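So the chains spell out like this:
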Amino acid sequence: IGEFNKHTENGKKVEEPLSILDFKSLKEQIVDYIDLNSNDRLVYSLTHLIKPDNSMVEGFKEVIMRSAKGSEKWEDLFDSEEEVIIFVRKNMTVDENSLNNFIQKQKDKGFNEEQIDYVKELFVFIFKNGCFNRSDLIEDGLNHFIDIFNSEEIGSLLMDIEEIV
């Protein structure tokens, strides 16, 4: 591997030093971007439990592709905007205050400690998997909600979660 990449500027060859980005995959570059850019609209919304919209995903993609190095294409990693959201959510840390506010909202509804513990388990699941669907409740580890919530309580919790996921 040579020391420099060569490109032309005004018809003359210009030597450009290699950077670490030249050796990272697009996926690694995106993870780095997430870590270093907490104020990106998409990253911010997801870390602060705000449901993202398509314009946030498009803005994220534009910034990434403008600065990305290498030959990988966005489309090789992501088939949909939902996949981008899942990837970002799996590679970030939720804002502690936002999570505490969500939990406090559930406490204010009268949820007991066992129910609050379940809400916390649910968030671990969401951030580990990057997404949530109601059908996930039948997964091992989450299916015990039947023993701790009545229909109204679980319905209320699911509506709150769907507002942010």
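A separate point is the pattern of salt bridges. Summed over all chains, the structure comprises five salt bridges. In this structure, the salt-bridge partner of aspartate 160 is lysine 109, at a minimum N-O distance of 2.3 Å. With a gap of 51 residues between them, aspartate 160 in helix H9 (residues 151-164) and lysine 109 in the loop between helix H6 (96-108) and helix H7 (113-129) connect regions that are remote in the sequence. Note on aspartate 160: relative accessible area 7%, which makes it buried. Connected through salt bridges with shared partners, the residues Lys105, Lys109 and Asp160 form a single ionic network.

Moving on, we get to the confidence of the model for the protein chain. Of the residues in the protein chain, 85% have a pLDDT of 70 or more, and the chain-wide mean is 88. Ignoring residues within four places in sequence, the model shows residues 1-6, a span with pLDDT below 50, making 16 contacts including any to other chains.

Quick look at H9 now. If you check H9, its first and last C-alpha atoms are 21 Å apart, about what 14 residues at 1.5 Å a residue would give, namely 20 Å. Among all positions in H9, only Ile154, Leu157, Leu158, Asp160, Ile161 and Ile164 are buried. One side of H9 holds all its buried residues, which, seen down the axis, span an arc of 160°. With respect to the buried face of H9, the exposed residues turned more than 90 degrees away are Ser151, Glu152 and Met159. Each element contacted by the buried residues of H9 is listed here: helix H5 (81-90), H6, H7 and helix H8 (145-148). For H9, the N-terminal cap is asparagine 150; the gap from its side-chain oxygen to the backbone nitrogen of glutamate 152 is 3.0 Å.

Bringing the packing of aromatic side chains into the picture now. Tallying each qualifying case throughout the model produces eight aromatic pairs. Plain terms: the ring middles of tyrosine 118 and phenylalanine 149 are 5.4 Å apart, the flat faces sit at 70° to each other, and that makes the pair edge-to-face. Separated by 31 residues along the polypeptide, tyrosine 118 in helix H7 and phenylalanine 149 in the loop between H8 and H9 bring together distant segments of the chain. Overall, the relative accessible area of 0% leaves tyrosine 118 in the buried class. You can call phenylalanine 149 buried: its relative accessible area is 8%. Taking 6.2 Å as the distance between ring centres and 20° as the angle between the ring planes, the aromatic pair formed by phenylalanine 123 and phenylalanine 127 counts as stacked. Here phenylalanine 123 and its partner phenylalanine 127 are both found in helix H7, four residues apart, which amounts to about one turn of the helix. Phenylalanine 127 shares its class with phenylalanine 123; the two are buried. An aromatic cluster is defined as three or more aromatic residues linked by ring pairs; in this entry it consists of Tyr33, Phe60, Trp74, Phe78 and Phe87.

Even without glycine at this site, leucine 49 takes up a positive phi of about 60°. When you line up the elements, leucine 49 lands in the loop between helix H2 (41-47) and helix H3 (54-67).

Rules used throughout
Every chain's residues receive numbers from 1 upward, in the order its sequence appears when written. Local features in this predicted model are restricted to residues whose pLDDT is 70 or higher, and side-chain atom pairs enter the listing and the counts only when it is 80 or higher, whereas totals over whole chains, interfaces and linings include all residues. To obtain the side-chain values, all non-hydrogen atoms of the structure were used and water was disregarded. Salt bridge, as used here: a side-chain nitrogen of Lys or Arg that lies within 4 Å of a carboxyl oxygen of Asp or Glu. Strands are runs of DSSP state E lasting at least 2 residues, helices are runs of H or I lasting at least 4, and numbering of each runs from the N terminus. Whether a residue is buried, partly exposed or exposed follows from its accessible area with a 1.4 Å probe, protein chains only, as a fraction of its type maximum: under 20%, in between, or over 50%, in that order. The predictor attaches a confidence to each residue, called pLDDT, with possible values from 0 through 100. Note on contacts: a residue pair qualifies if any of its non-hydrogen atoms lie within 4.5 Å across the two residues. Helix span, expected: 1.5 Å multiplied by one less than the number of residues in the helix. Note that the arc is defined by the directions from the helix axis to the C-beta atoms. Any N or O atom pair separated by 3.5 Å or less is treated as a polar contact, with the protein-specific requirement of one donor-capable and one acceptor-capable atom, and with residues adjacent in sequence counted only for side-chain atom pairs. The criterion for an aromatic pair is that two Phe, Tyr or Trp rings (for Trp, the six-membered ring) have centres within 6.5 Å, with stacked assigned to planes under 30 degrees apart, edge-to-face to planes over 60 apart and tilted to the rest.

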